[in-house]
Amino acid sequence: MLIDILTLFPEMFDGPFDHSIIKRAIEREIVKIKLHNIRDHGVGKHKVVDDYPYGGGEGMVMMPEPLHNSLKTLNIDKDTPVVLLTPQGRKFDQKTADDLAKHKRLVFICGRYEGVDERVRQHMVTDEISIGDYVISGGELAVMVVVDGIIRRLPGALGAEIEQDSMMNGLLEFPQYTRPAQYEQWEVPPVLLSGNHAEIAKWRRQQSIERTAVRRPDLLKNAELSASERQYIEDEMKDK
Ligand code: ADE
């Protein structure tokens, strides 16, 4: 996969992409990430990238021209998603990560300042994504979240790590424990020490379901559950 990121702050990406799973995926050539500084296509001698909003008001707006010219240098074909990170986009989730992970190439545009000229939305991007209902200072941190979520879904990216982690089945993860079996007076649930793999799997599944029902009941609608599991939730929740 090739990921192009258009940003005014390419230096922000130095740390996050140099570690752990993303670093390894880059080393294994599962993914290539190219950073493009929008300012390289800024207007005029001063490489201007933003201007005052028509109609007045606070703050600056990113101009269409530097973004358009940045995009033109990428030679993207019409099937390549061009994604703007913005709090106005649809909310990022596991399904979106999985869908985006199927593409050979992705382009991300990091918005900054008070926003981007509306013509960027109308004519240059195919998709708008938000990482949640809050505003952060720009699309850079948001694209890091999104790109991490996508790369871990690429075949071969996880290696020794589990490929089936939380959310893959639409449920929250079960509780995890490691040594010691007793710390202070806090004990690990005995079933996990039993060596009975069928019992352990059953316990974990039940914990996942209960935890999701209590903390994120909104996820149950799309979770992979059997008819008896759905019945179980209904019965349990009646008493709560
Ligand atoms: N830029 C600012 N806030 C954002 C958010 N919540 N998601 C994506 N991009 C953003």
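In what follows, the structure referred to is the one given above.
Notes on the structure in this doc start here. In this text, all values refer to a predicted model and were calculated from it rather than measured experimentally. (Residues numbered from 1 in each chain as written. Predicted model: local features only at pLDDT ≥ 70, side-chain atom pairs only at ≥ 80, totals over all residues. Heavy atoms only, no water.)

**Describing the pattern of salt bridges**
(1) Moving on: Scanning the entire structure with this criterion turns up 13 salt bridges.
(2) Moving on: Two residues, Asp133 and Lys91, come together in a salt bridge whose shortest N-O distance is 3.3 Å. Of the two residues, Asp133 sits in the loop between strand 7 (127-130) and helix 5 (139-151) while Lys91 sits in strand 5 (residues 82-91), which places them 42 residues apart along the sequence.
(3) Moving on: Note that Arg153 and Asp98 form a salt bridge whose closest N and O atoms lie 2.7 Å from each other. Of the two residues, Arg153 sits in the loop between helix 5 and strand 8 (182-183) while Asp98 sits in helix 3 (residues 94-100), which places them 55 residues apart along the sequence.
(4) Moving on: When its relative accessible area of 27% is taken as the criterion, Arg153 is described as partly exposed.
(5) Moving on: When its relative accessible area of 22% is taken as the criterion, Asp98 is described as partly exposed. (Salt bridge = Lys/Arg side-chain N within 4 Å of Asp/Glu carboxyl O. Helix = DSSP H or I, 4+ residues; strand = E, 2+ residues; numbered from the N terminus. Buried < 20%, exposed > 50% of the residue type's maximum accessible area, 1.4 Å probe, protein only.)

**Things to note about the site of the ligand**
(1) Moving on: Lining the immediate environment of the ligand, one finds Leu85, Thr86, Pro87, Ile129, Ser130, Ile131, Gly132, Tyr134, Val135, Ile136, Gly138 and Ala142.
(2) Moving on: Residue Gly132 places a main-chain N or O atom 3.2 Å away from a nitrogen atom belonging to the ligand.
(3) Moving on: The contact in question runs from a nitrogen atom of the ligand to an N or O atom on the backbone of Tyr134, over 2.8 Å.
(4) Moving on: Protein burial of the ligand: of its 260 Å² of free accessible surface, 97% is covered by the chains.
(5) Moving on: Under a 2 Å grid-point criterion requiring more than half of the atoms, the pocket assigned to the ligand is the second largest pocket.
(6) Moving on: If you list the elements that add at least two residues to the shell around the ligand, you get strand 5 and strand 7.
(7) Moving on: A per-element tally of the shell around the ligand places strand 5 first, with three residues. (Near = heavy atom within 4 Å. Polar contact = N/O pair within 3.5 Å; in protein donor to acceptor, adjacent residues only side chain to side chain. Areas by Shrake-Rupley, 256 points an atom, 1.4 Å probe, with all protein chains shown as cover. 1 Å grid on protein atoms, 1.4 Å probe; cavity = no way out; pocket = protein on both sides within 12 Å on 5 of 7 lines; lining within 4 Å. Sits in = over half its atoms within 2 Å of the grid points.)

**Let's talk about the layout of surface pockets**
(1) Moving on: Estimated volume of the largest pocket: approximately 440 Å³.
(2) Moving on: Taken together, Asp93, Gln94, Lys95, Asp98, Met167, Met168, Gly170, Arg216, Asp218, Leu219, Asn222 and Ala223 make up the lining of the largest pocket.
(3) Moving on: Taken together, 23 residues line the second largest pocket, and the ones lying closest to its centre are Leu85, Thr86, Pro87, Gly111 and Ile136.
(4) Moving on: Per element, the largest residue contribution to the lining of the second largest pocket is five residues, and it comes from strand 5. (Points joined across faces, edges and corners; volume = space filled by probe spheres on them.)

**Here we look at helix 5**
(1) Moving on: For helix 5, with 13 residues, the first-to-last C-alpha span of 18 Å sits near the 18 Å given by 1.5 Å per residue.
(2) Moving on: When helix 5 is considered as a whole, its buried residues turn out to be Gly139, Glu140, Ala142, Val143, Met144, Val146, Val147, Gly149, Ile150 and Ile151. (Expected span 1.5 Å × (residues − 1).)

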